[in-house]
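Single-letter residue listing:
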Amino acid sequence: MSATLGISTVPFPKNSCLEDSPFILVVDDDKSMRVLLRKFMEKEGYQVAEAKNGEECLTLFQQQPPNLVLLDAMMPVMDGFTCCAKLQTLPGGNQTLVLMITGLEDQASVDRAFEAGATDYVTKPIHWAVLRQRVRRLLRELKLSQQLAQANQELEKLAASDSLTQVANRRRFDEYLDREWRRMAREKTPLSLILCDVDFFKSYNDTYGHQAGDECLRQVARAISHSVSRPADLVARYGGEEFAVILPNTEPEGAVRIAGKVRAAVKALEIVHGNSQVSTCLTLSLGVASTVPLCHESSAMLVSAADEALYQAKATGRDRVILGVRSADTSISQS
Ligand code: GH3
Ligand code: MG
Ligand code: MG
């Protein structure tokens, strides 16, 4: 039966997502065995590619990583044990299932297979029902673990974001500020913080209703997010109608420039606020603080400095940016 099934090159599918049919790479130096395995796996509904030795397996793996490798242990050029160990070092290699096929059911071979990183093994001559069940079980477990990893990722995202505005929440802000504080202390580079507070927001709610207030906060959060560009910058909802922007590796001048951009972006939304005492539209007051962190100090001092600057912005007329500095020479930037 096997001699008549001589197909050597099989086109690779575009991706090896488990949501489509799983993709299996069959590796065996014996062509008739390879073809038998491929036909069997195709009947099971899998997409299959073939390699005739360990080297070819590694090359094909890098072109299109499979979900599972059916790997013969004994092959010329590069045996299955060596190939399996090398697979583990390739990108995505340690997430790929390796089912080793060994002709020797001695303990040493089984041990070698697991030491090389194999997920499980079957023996030759192949017991087809065992192979079928083992492949099904491994793929089922792989799918479950992928779903679990994805669910965990989504949970982490949910736990870190503010449900109203979708920017980072206070918890994430605290963690991130602390982490960046320590990182900037090690690197001896400046860390900047902007605190933004919506002006006369209580009267906005009183005038237009709480739902309009919520929508307003969503728009403000979006405008702030669009005003920062570096991957390390973090926009967070600090409290009710207060937002914070953490700017690692940013000098005070840069932070003031970004704060100015934020202020302009919110103004450009032109959200009508008939009861604001400073403008016809919704505005922000912003306090900026910047420092090169010291290990023995706490990030709370940066928050206090930004808060103090924000207080100054409110006290001196709102709708402005104030840079707070640790010495007495607080400078004001407004337009
Ligand atoms: P100031 O210019 O001094 O900042 O005045 P303000 O009115 O903005 O400040 P105040 O702290 O007096 O009021 C803040 C308001 O923000 C009161 C509260 O109802 C509103 N607020 C806080 N969180 C939310 C929210 O999630 N949704 C809505 N719609 N309003 C909120
Ligand atoms: Mg406030
Ligand atoms: Mg306010």
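Residues numbered from 1 in each chain as written. Chains lettered and ligands numbered in written order. Predicted model: local features only at pLDDT ≥ 70, side-chain atom pairs only at ≥ 80, totals over all residues. Heavy atoms only, no water.

I'm lost on the overall build of the protein in this one. Help?
Of the regular secondary structure elements, the protein holds 10 helices and 11 strands. The C-alpha atoms of the protein give a radius of gyration of 30 Å, which is well past the 20 Å a tight globule of 335 residues would have. Along the three orthogonal principal directions, the C-alpha set of the protein runs to about 90 × 45 × 30 Å. Restricting to contacts in the protein with at least 6 residues of sequence separation, those with at least 24 account for 67%. Taken as two groups, the 38 positive and 42 negative side-chain charges of the protein have centres that lie 3 Å from each other. (Helix = DSSP H or I, 4+ residues; strand = E, 2+ residues; numbered from the N terminus. Rg over C-alpha atoms; globule rule 2.2 N^0.38 Å. Contact = heavy atoms within 4.5 Å. Lys, Arg positive; Asp, Glu negative; His and termini not counted. Charge placed at Lys NZ, Arg CZ, Asp CG, Glu CD.)

I tried to follow the coordination of the magnesium ion (ligand 2) on my own but got confused; where do I start?
Ideal values differ by geometry: the angle at a metal is 109.5 degrees with four tetrahedral donors, but 90 or 180 degrees with six octahedral donors. D197 (OD) and E241 (OE) make up the full set of protein donors to the magnesium ion (ligand 2), lying at 2.1 to 2.2 Å. Metal-to-metal, the separation of the magnesium ion (ligand 2) and the magnesium ion (ligand 3) is 3.7 Å; D197 coordinates the two. Residue D197 is located in strand 6 (residues 191-198), and its partner E241 is located in the loop between strand 7 (234-239) and strand 8 (242-248); the two are separated by 44 residues in the primary sequence. (Donors = N, O, S within 2.8 Å, 3.2 Å for Na, K, Ca; no water.)

Would you mind going over the coordination of the magnesium ion (ligand 3) with me for this structure?
Ligation of the magnesium ion (ligand 3) by protein atoms is provided by D197 (OD), V198 (O) and E241 (OE), these donors lying 1.9 to 2.2 Å from the ion. All donors of the magnesium ion (ligand 3) belong to a single chain; written as a sequence motif, their spacing is D-V-x42-E. Look at E241 and you get partly exposed, because its relative accessible area is 21%. (Buried < 20%, exposed > 50% of the residue type's maximum accessible area, 1.4 Å probe, protein only.)

Teacher, can you tell me more about the sheet that holds strand 1 (residues 23-27) here?
Either a parallel or an antiparallel arrangement is found when strands of a sheet pair, and the pairing is made through backbone hydrogen bonds. The strand order across the open sheet formed by five strands is 2-1-3-4-5, and the pairing between neighbours is parallel. Both edges of this open sheet fall to strand 2 (47-51) and strand 5 (120-123), since each of them pairs with a single strand only. Averaged over all pairs of adjacent strands, the angle between strand axes in this sheet comes to 20°, irrespective of strand direction. Taken together, the four bridges between strand 1 and strand 3 (residues 68-72) define a ladder with parallel strand orientation. Note on strand 3: the bridge partner recorded for V26 is L70. Together, strand 1, strand 2, strand 3 and strand 4 (97-102) form the strand contacts of helix 1 (residues 31-43), whose direction differs from that of strand 2 by roughly 170°. (Pairing = 2+ DSSP bridges. Axes fitted to C-alpha atoms, helices over the stretch in contact; angles between N-to-C directions.)

Whenever I open this one, the pairing of strand 9 (residues 284-291) confuses me. Can you help?
Regular strands show a simple pattern: their side chains alternate between the two faces of the sheet. Across the eight residues that make up strand 9, a large majority, eight, are buried. Note that strand 6 and strand 9 share eight bridges and pair antiparallel. By the bridge assignment, L193 is partnered in strand 9 with A289. Strand direction decides the pairing type here: strand 9 and strand 10 (residues 321-324), joined by four bridges, are parallel. Within strand 10, the position partnered with G287 by the bridge is I322. Read from strand 9 through helix 10 (residues 300-315) to strand 10, the crossover connection turns out left-handed. (Right-handed = clockwise from strand over helix to strand, strands pointing away.)

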